[in-house]
Amino acid sequence: MGRVPVGELSRYLLGGRLSTNGCLTSLRRTPRSRLVGPAPPTLRPFSTFHAAKEQPEPTHQQVQTPPAVPLRKKLKDEAKQARKQGKKKSKADSQTVEGWELTVGIEIHAQLNTPRKLFSSANTSFNDDPNSHVALFDVAMPGSQPIFQTGTLIPALRAALSLNCDIQPVSRFDRKHYFWWDQPSGYQITQYYQPFAKNGHITLLARDGIAPEDGKSVTIGIKQVQMEQDTAKTLAHNDNTQWLDFNRVGAPLIEIITEPELHHPRTAAVLVRKIQLLLSTVDACVSGMETGGLRADVNVSVRRTDDPSQTLGTRTEIKNLSTIKTVEDAIIAERDRQIRELDAGRRISSETRGWSIGSTETRRLRGKEGEVDYRYMPDPDIAPLVIGSDLIAHLKKSLPVTPDTEVDKLISYFGLTPQDALSLVNIDNGARVEYFYKVLYSVQDMIAADDLDGEGADVKTYAALVGNWTLHELGRLTTSKAGPLGMVDLTFTPDGDCAQVPDAELSQLLYHLYRKNITGKIAKELLMALYLGELEDGVRSAIDMHDLWFKEYSPEEYEALADEVLEGEDKVLQEFATSAKFPQGKLMFLLGKMMRAGQTERIDPANAEKVMRTRIENLRPSAA
Ligand SMILES: Nc1ncnc2c1ncn2[C@@H]1O[C@H](COP(=O)(O)OP(=O)(O)OP(=O)(O)O)[C@@H](O)[C@H]1O
Ligand SMILES: [Mg+2]
Ligand SMILES: [Mg+2]
């Protein structure tokens, strides 16, 4: 059958609203905010749907994803919720329940980092105007055909290789049928019979934060990785009206399916976090859970440990978990619910369940028995996918180092503590560690240019300083103490650029701190001023302008300062002279007073302590 010319179709179906390149474009640009305002008039036939009361629950992964909430806010809300429920951990959130074995398998859906949809040349987009990137095929226009976008394969392969999978030389696409408003064709194209990658694994280490019961490390099998289409985004509006944004329909996803080999809730959460980081490290996916780019479905079952049959219990599936913490919380709640049911003599029915942030119970969405028959069939319009071994070899060679190797290097070569190394690699989806390297290498260049220590300076001496500042001092900026701006999170590009605290400025600051050209206190004040946007001409010029260079007190001046501080402190001095145990707290008190009395840009805490300590030690009973 010949294909209907696009022009004819568009006139017939949309009154000429199709653009010539085959993509739907809204006639009037619809600002993002309109998503919560009245429906865009030109898109009405597609973007509204009046849900009849008897509509079934959404199937598969089409349970609505809530609009992305910043991770920071989510974590705060979760912490608040936890505080409300009492800080004390209840018995229920332990990692094990005596007499029972928990089993978990996870399906992770991740959006691939690619500019095109899976079977059309429409752009993938995040937060663009609704329905502005929609090809004819994406909305199942009759006569439109899928055209596999080969570029989408590259990030998918990188993801599968990073998960140690065997790439299949030939794989195929299948149709999974179901009827729901977010899937215009009535089926999703996925890989059911022959996925492109199988038999992988991922190793989780104790330092990743797995449950102590899992020991030093645990390796979890990856059953398969498959490519598939995403669905349209549904936004619930008032009165049973659902708005649809087809920008997401047909966007390429991978589904990573683990073996049912997880036995502790925290380890399951760690697995999702580690896979998220891995996918971002190999550039397979650019966004994580916090922006809705990665969603996890957890399959949970329990069985009695003394069950001789050794078969796994019936699983239930909790769909669309959107934070790492909810993975752990939902598994615990579902495990405990299943145990309660079985203890009461009831059976677990195979069903799909949901979870909302802050809740304590999973809730039934639908039963698997009544589930739509997916009627899987090979897609007759799509040729088999043939992947050459040369491409695989090339991609293997060009994979970046894994986060595990990165952490090892930060610890052994740069001398960071394991905790700092892990945090650096884990936060901001790997962007913070990029930022760390930028700052570190600039500081290194400045030190080398001095020609004082030249190449000989031990990198560990300043790497620890840079690590501490890029992690902890930067972290401190965003606490409420910094005033209204203090709530503004630092943002990093994937390349490690930060507009609020540019790496070039921080490296200047840290170089001068390392060289003791400025004091730590001054450095902290400068960093805060930088973050608040008060240093128009940068760090170096602020130091010059306000003469903040460290001009350390002479030994005589330190002595005079100590005298000034000790005046009127006879009672404290008496304690030094008489108490058998050295009153360390009192020394700290005197030192604090000395630091406050001295000029910030002239006093070095270590030298001030030396002077004060010598004074005090002369008073000690043993010195007499
Ligand atoms: N008894 C069990 N207990 C816990 N997890 C299980 C059990 N049996 C299977 N699983 C896990 O359930 C998941 C099944 O995912 P898979 O995508 O293969 O099927 P599905 O959930 O039926 O399909 P979909 O949700 O994609 O429509 C896997 O992660 C697997 O490890
Ligand atoms: Mg699945
Ligand atoms: Mg599933």
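Residues numbered from 1 in each chain as written. Chains lettered and ligands numbered in written order. Predicted model: local features only at pLDDT ≥ 70, side-chain atom pairs only at ≥ 80, totals over all residues. Heavy atoms only, no water.

Labelled according to an unreviewed UniProt entry, the chain appears under the name Glutamyl-tRNA(Gln) amidotransferase subunit B, mitochondrial, originating from Clonostachys solani. If you open the UniProt record of the chain and go to Function (unreviewed entry), you find "Allows the formation of correctly charged Gln-tRNA(Gln) through the transamidation of misacylated Glu-tRNA(Gln) in the mitochondria. The reaction takes place in the presence of glutamine and ATP through an activated gamma-phospho-Glu-tRNA(Gln)." Quoted straight from UniProt, the Sequence similarities (unreviewed entry) entry for the chain says "Belongs to the GatB/GatE family. GatB subfamily." (UniProt positions renumbered as here; feature names shortened; annotations may be inferred.)

With respect to topology, nine strands assemble into an open sheet ordered β5-β9-β10-β13-β3-β14-β15-β16-β17, the strand pairing being mixed. Strands at the two margins of the open sheet, each flanked by one partner only, are β5 (166–167) and β17 (363–367). Pairing analysis gives two bridges linking strand β15 (residues 316–321) to strand β16 (residues 351–354), with the strands arranged parallel. Paired with E317 across the strands is T352, a residue of β16. (Pairing = 2+ DSSP bridges. Helix = DSSP H or I, 4+ residues; strand = E, 2+ residues; numbered from the N terminus.)

Turning to the site of ligand 1, a few remarks are in order. As a structural note, the neighbourhood of ligand 1 is formed by 20 residues, with E107, K176, T258, S301 and G313 the closest of them. Side-chain polar atom of K176 to an oxygen atom of ligand 1: 2.9 Å apart, as the coordinates give it. P260 is positioned such that a nitrogen or oxygen atom in its backbone is 3.0 Å from an oxygen atom of ligand 1. For ligand 1, whose accessible area on its own is 640 Å², the fraction buried by protein is 82%. The set of elements that each furnish at least two residues to the shell around ligand 1 consists of β3 (100–111), β13 (252–258), β14 (294–304) and β15. In terms of residues, the shell around ligand 1 owes the most to one element, β3, which gives four residues. (Near = heavy atom within 4 Å. Polar contact = N/O pair within 3.5 Å; in protein donor to acceptor, adjacent residues only side chain to side chain. Areas by Shrake-Rupley, 256 points an atom, 1.4 Å probe, with all protein chains shown as cover.)

Okay, the sheet that holds strand β7 (residues 174–177) next. Strand order in the open sheet formed by three strands is β8-β7-β18, with antiparallel pairing between adjacent strands. Each edge of the open sheet is held by one strand with a lone partner, namely β8 (187–190) and β18 (377–378).

The magnesium ion (ligand 3) binds to the protein through E107 (OE), E107 (OE), E317 (OE) and E317 (OE); the donor distances cover 2.2 to 2.6 Å. Considering all six donor atoms around the magnesium ion (ligand 3), angles at the metal cover 54 to 163° and the coordination shape is irregular. In this structure, the magnesium ion (ligand 3) is positioned 3.6 Å from the magnesium ion (ligand 2), and both are ligated by E107. Placement of the pair is E107 in strand β3 and E317 in strand β15, with a sequence separation of 210 residues. Here E107 falls in the buried class, since its relative accessible area comes to 13%. (Donors = N, O, S within 2.8 Å, 3.2 Å for Na, K, Ca; no water. Tetrahedral: all angles 85-135°; square planar, octahedral: opposite > 155°, others 65-115°. Buried < 20%, exposed > 50% of the residue type's maximum accessible area, 1.4 Å probe, protein only.)

With that settled, consider the pattern of salt bridges. Across all of its chains, the model carries 39 salt bridges by this definition. When the shortest N-O distance is used, the salt bridge between D404 and K274 registers 3.0 Å. In this pair, D404 sits in helix α8 (residues 403–412) while K274 sits in helix α5 (residues 265–281), placing the two residues 130 residues apart along the sequence. Residue classification places D404 among the partly exposed positions, given a relative accessible area of 22%. (Salt bridge = Lys/Arg side-chain N within 4 Å of Asp/Glu carboxyl O.)

Here α5 crosses helix α6 (residues 324–343) at 150°, and the two axes come no closer than 8 Å. Judged by the inter-axis angle, α5 sits roughly antiparallel to α6. Once α5 is placed against α6, the crossing between them reads as right-handed. Where α5 abuts α6, its residues P265, R266, A268, A269, V272 and R273 lie against I324, V327, E328, I331, I332 and R335. Considering only residue class, the contact of α5 with α6 consists of eight nonpolar, no polar and four charged. (Axes fitted to C-alpha atoms, helices over the stretch in contact; angles between N-to-C directions. Parallel < 35°, antiparallel > 145°, perpendicular 65-115°, else oblique. Left-handed = near helix turned anticlockwise from the far one by under 90°. Contact = heavy atoms within 4.5 Å. Nonpolar A, V, L, I, M, F, W, Y, C, P; charged D, E, K, R; others polar.)

Time to look at the nonpolar core. Grouped together as the largest cluster of nonpolar side chains are 66 residues, with contacts concentrated most on I106, F196, M227, I254, L271, L279 and V327. No other element matches α5, which puts eight residues into this core. Aside from chain neighbours lying at most four places away, what touches L279 is A110, A159, I254, I256, A284, C285 and L294. Counting residues in each nonpolar core, the second largest holds 52 residues, with V459, L474, A523 and I543 among its members. (Core = buried A, V, L, I, M, F, W, Y, C linked by side-chain atoms within 4.5 Å.)

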